[in-house]
Protein chains: 2
Amino acid sequence: MFKLNACLVLFLKKLIPLKSNFNDKQIQILEVAEILFAEKGFDGTSIRNIAKVAKINIAMVSYYFGSKERLLESLIVYRTSDLKNQLDNLLQEELEPIDKINKLIELYINRINSNRGIYRILHFEFTSKKREQNLQAFSELKKGNLKSLEAIIEEGQKKGIFRKDVIIPLITPTILGTFFHFHMNKPFFENLLNLKTEDLYNNYIKTNLTKHIQQTIKALLIYES
Amino acid sequence: MFKLNACLVLFLKKLIPLKSNFNDKQIQILEVAEILFAEKGFDGTSIRNIAKVAKINIAMVSYYFGSKERLLESLIVYRTSDLKNQLDNLLQEELEPIDKINKLIELYINRINSNRGIYRILHFEFTSKKREQNLQAFSELKKGNLKSLEAIIEEGQKKGIFRKDVIIPLITPTILGTFFHFHMNKPFFENLLNLKTEDLYNNYIKTNLTKHIQQTIKALLIYES
DNA sequence: GTTTAATTTAAACAACTGTTTAGTTTTAAT
DNA sequence: ATTAAAACTAAACAGTTGTTTAAATTAAAC
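Residues numbered from 1 in each chain as written. Chains lettered and ligands numbered in written order. Predicted model: local features only at pLDDT ≥ 70, side-chain atom pairs only at ≥ 80, totals over all residues. Heavy atoms only, no water.

Undergrad: Before we move on, can you summarise the packing of helix α8 (residues 116-125) of chain A against helix α10 (residues 171-184) of chain A with the specific residues and values?
TA: Residues and elements named next belong to chain A. Their axes nearest at 12 Å, the elements α8 and α10 cross at an angle of 100 degrees. With respect to α10, the element α8 is oriented roughly perpendicular. Across from Arg116, Tyr119, Arg120, His123 and Phe124 in α8, the residues of α10 making contact are Phe180, His183 and Met184. (Axes fitted to C-alpha atoms, helices over the stretch in contact; angles between N-to-C directions. Helix = DSSP H or I, 4+ residues; strand = E, 2+ residues; numbered from the N terminus. Parallel < 35°, antiparallel > 145°, perpendicular 65-115°, else oblique. Contact = heavy atoms within 4.5 Å.)

Given below as structure tokens:
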């Protein structure tokens, strides 16, 4: 009875390797940390700050994660572990290349938009030289994403639909960069485009911004001078 | 003799209003602050840190700027005061709209690329809710830039060269976002594209990245489905 | 029910934070 | 040479920082 249970736990841990590595208390801390890091930056957030919001003792962060730095690492693992699967599924769908690109853009934006916190943190914290060590796991994620995009575009090029003089690695910066730059300047665009409520803002992203990016990438890939 | 000098100083101060408002010592502090803020973020940089590198007493920051926060404000004024002129000059050149766009993209990238520090800081520090007050001056700068872009595109639309169903305010995010996303992930792209030296990296921006962005915007503006 | 381990706590640690103070040195004006 | 302002300094201020400790509480195992 006991041994069977232990085996089951190990088995489940292999299956859902990353999310289930954290217990309820850890997740509670991670989610508060995500909000605060995103809002005020890693350096702008103190452990006491996290502890207060999460209603735990300040020692619990060290107890569960070792240090503040390793709390950040855990947070990234916690949030980015299932993106690869989503992309792989998309790749195997039976769609025209341009529709795959459009779906990929939608997937990216939806995902980032509903996980704003962690992506803001990634965007902020992993660019400064300060945290170059922890960069590896994040770098692997990006390489995998690029491979998926490459596969789609090369498929389109073989079919003669896409032009061949595009620099594929620079397409991701255009997709993500456009979104990020928009979102980073949220107050500016809220004011400029009259997006008074959070709903209006989100809707604008889901429709207009997504469409703009899709339109841009399509024009870039298909246009013939 | 004395009065003439005083008048001359006042006259010069009017002419070069912002840069010359800071004395040598202040500029020395500002330039160190720029490097450190860009490298480690505003919160990640301490006044003692700045003082040590700039080889000044820690009290001098408060003495010259009032506070750390106002040092940041001064830094932004110091660095962004002449962009508007550059854009106005471009607008008045006699060029085809698409060439103006290309020149504008080149101007943006060159400028940001040779002032990486301050733009990294702007990008980082003025997105978090923490510093929303100081946002105004920056917001005016952005609005002015957008007006310039609008003028060029509307000119092209009147001439029948540019399509009319583009969302103009979203073009800046695509131009700047692409660049920033590339530059923010510098270590990743250095590794991916084999840009081993700083020169190779800068050259890639000046040629390939700039061309990619110009190609993208041109395709977006001119493409007809 | 006892024992062992895991969890949680308050308190303390030393180091660092931005800012102010009171005093000294330097510079410039008359 | 005298005076007043500006520039600069070391020291101290009161808080905050991340982390550790040792003791208390809770949960689990047998």
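Undergrad: Quick one: what's the story with the interface of chain B and chain A, residue by residue and with numbers?
TA: Chain B puts 50 residues into the contact, and the matching count from chain A is 50 residues. Interface area, chain B with chain A, both sides summed: about 4,600 Å², of which 67% is carbon and sulfur. Taken together, the connections running from chain B to chain A amount to zero salt bridges. The tally of links from chain B across to chain A stands at eight residue pairs in polar contact (both at pLDDT 80 or more). Of all the secondary-structure elements, those providing two or more residues to the side of chain B that touches chain A are α2 (24-40), α8 (116-125), α9 (135-158), α10 (171-184), α11 (186-192) and α12 (198-222) of chain B. (Buried area = accessible area lost by both parts, 1.4 Å probe. Salt bridge = Lys/Arg side-chain N within 4 Å of Asp/Glu carboxyl O. Polar contact = N/O pair within 3.5 Å; in protein donor to acceptor, adjacent residues only side chain to side chain.)

Undergrad: Tell me what's going on with the protein's contact with DNA strand C, and back it up with residues and numbers.
TA: Near DNA strand C lie 17 residues; those nearest to it are A:Tyr64, B:Ile47, B:Arg48, B:Ser67 and B:Lys68. At the protein interface, 49% of the atoms of DNA strand C within 4 Å belong to sugar or phosphate. One of the side-chain nitrogen or oxygen atoms of A:Tyr63 is found 3.1 Å away from a phosphate oxygen of DNA strand C. Here a phosphate oxygen of DNA strand C sits 2.8 Å away from a polar atom, N or O, in the side chain of B:Lys68. For the surface near DNA strand C, the secondary structure elements donating two or more residues are α4 (59-65) of chain A together with α3 (47-54) and α4 (59-65) of chain B. Looking at the surface near DNA strand C element by element, the count peaks at four residues for α4(A). Grouping the amino acids of the surface near DNA strand C by side-chain chemistry returns eight nonpolar, five polar and four charged. (Near = heavy atom within 4 Å. Nonpolar A, V, L, I, M, F, W, Y, C, P; charged D, E, K, R; others polar.)

Undergrad: Which residues make up the protein's contact with DNA strand D, and what values go with them?
TA: Taken together, 17 residues surround DNA strand D, and among them A:Ile47, A:Arg48, A:Ser67, A:Lys68 and B:Tyr64 come closest. Those atoms of DNA strand D that come within 4 Å of the protein belong to sugar or phosphate at a rate of 52%. Between DNA strand D and A:Thr45 there is a distance of 3.4 Å, counted from a phosphate oxygen to a backbone nitrogen or oxygen. In the model, a phosphate oxygen of DNA strand D is placed 3.4 Å from a nitrogen or oxygen of the B:Asn57 main chain. Secondary structure elements with two or more residues in the surface near DNA strand D: α3 (47-54) and α4 of chain A together with α4 of chain B. Per-element tally for the surface near DNA strand D: the top contributor is α4(B), with four residues.

Undergrad: Explain the side chain of A:Arg79 residue by residue, including any values.
TA: Residue and element names in this part refer to chain A. The topology assignment puts Arg79 in helix α5 (residues 68-80). Judged by relative accessible area, Arg79 falls into the buried class, the value being 16%. A distance of 2.8 Å separates a polar atom in the side chain of Arg79 from a polar atom in the side chain of Glu34. Beyond its immediate sequence surroundings of up to four residues, Arg79 is in contact with Glu31, Glu34, Arg111, Asn115 and Ile118. (Buried < 20%, exposed > 50% of the residue type's maximum accessible area, 1.4 Å probe, protein only.)

Undergrad: Explain the relation of the copies chain B and chain A residue by residue, including any values.
TA: Once turned by 180 degrees and shifted 0.0 Å along the axis, chain B lies on chain A with an RMSD of 0.1 Å. In the structure described here, the two chain copies are related by an operation that fits a two-fold rotation axis. The rotation axis passes nearest to the C-alpha of B:Gly177 in chain B, at a distance of 1.9 Å. Most of the interface of chain B is mirrored in chain A: 100% of its interface residues are interface residues there too. (Least-squares fit on C-alpha atoms with pLDDT ≥ 70 in both.)

Undergrad: Let's hear about the environment of B:Pro97: which residues, and what values?
TA: Residues and elements named next belong to chain B. Along the chain, Pro97 falls in helix α7 (residues 97-114). Pro97 gets classed as buried once you look at its relative accessible area, which sits at 0%. Setting aside anything within four residues of it in sequence, one finds Pro97 in contact with Ile152, Glu155, Gly156, Lys159, Ile161 and Phe162.

Undergrad: Go over the packing of aromatic side chains with me, naming the residues and quoting the values.
TA: Each pair of aromatic rings is reported with the distance of its centres and the angle of its planes. Residues and elements named next belong to chain A. For the structure on display, the rule yields 18 aromatic pairs over all chains. Here the aromatic rings of Phe182 and Phe189 are separated by 4.7 Å at their centres, their planes lie at 25 degrees, and the arrangement is stacked. Judged by its relative accessible area of 0%, Phe182 falls in the buried class. Taken together, Phe182, Phe188, Phe189, Tyr201 and Tyr204 form an aromatic cluster joined through their ring pairs. The aromatic ring of Phe42 is capped on one face by Lys68, whose charged end is 4.4 Å from the ring centroid. (Phe/Tyr/Trp six-rings, centres within 6.5 Å; stacked < 30°, edge-to-face > 60°. Lys NZ or Arg CZ within 6 Å of the ring centre and 35° of its normal.)

Undergrad: Residue-level account of α3(A), with values.
TA: Residue and element names in this part refer to chain A. All buried positions along α3 are accounted for by Ile50, Ala51 and Ala54. The arc that holds every buried residue of α3, seen down its axis, measures 100 degrees, which confines them to one face. Seen from the buried face of α3, the exposed residues on the opposite side, beyond 90 degrees, are Arg48 and Lys52. Backbone geometry just downstream of α3 places Lys55 in the positive-phi region, at approximately 55 degrees. (Arc of directions from axis to C-beta.)

Undergrad: I'd like a rundown of helix α5 (residues 68-80) of chain B, residues and numbers included.
TA: End to end, α5(B) covers 19 Å across 13 residues, agreeing with the expected 18 Å (1.5 Å per residue, within 8%). Taken together, the buried positions of α5(B) are B:Leu71, B:Leu72, B:Ser74, B:Leu75, B:Ile76, B:Tyr78, B:Arg79 and B:Thr80. (Expected span 1.5 Å × (residues − 1).)

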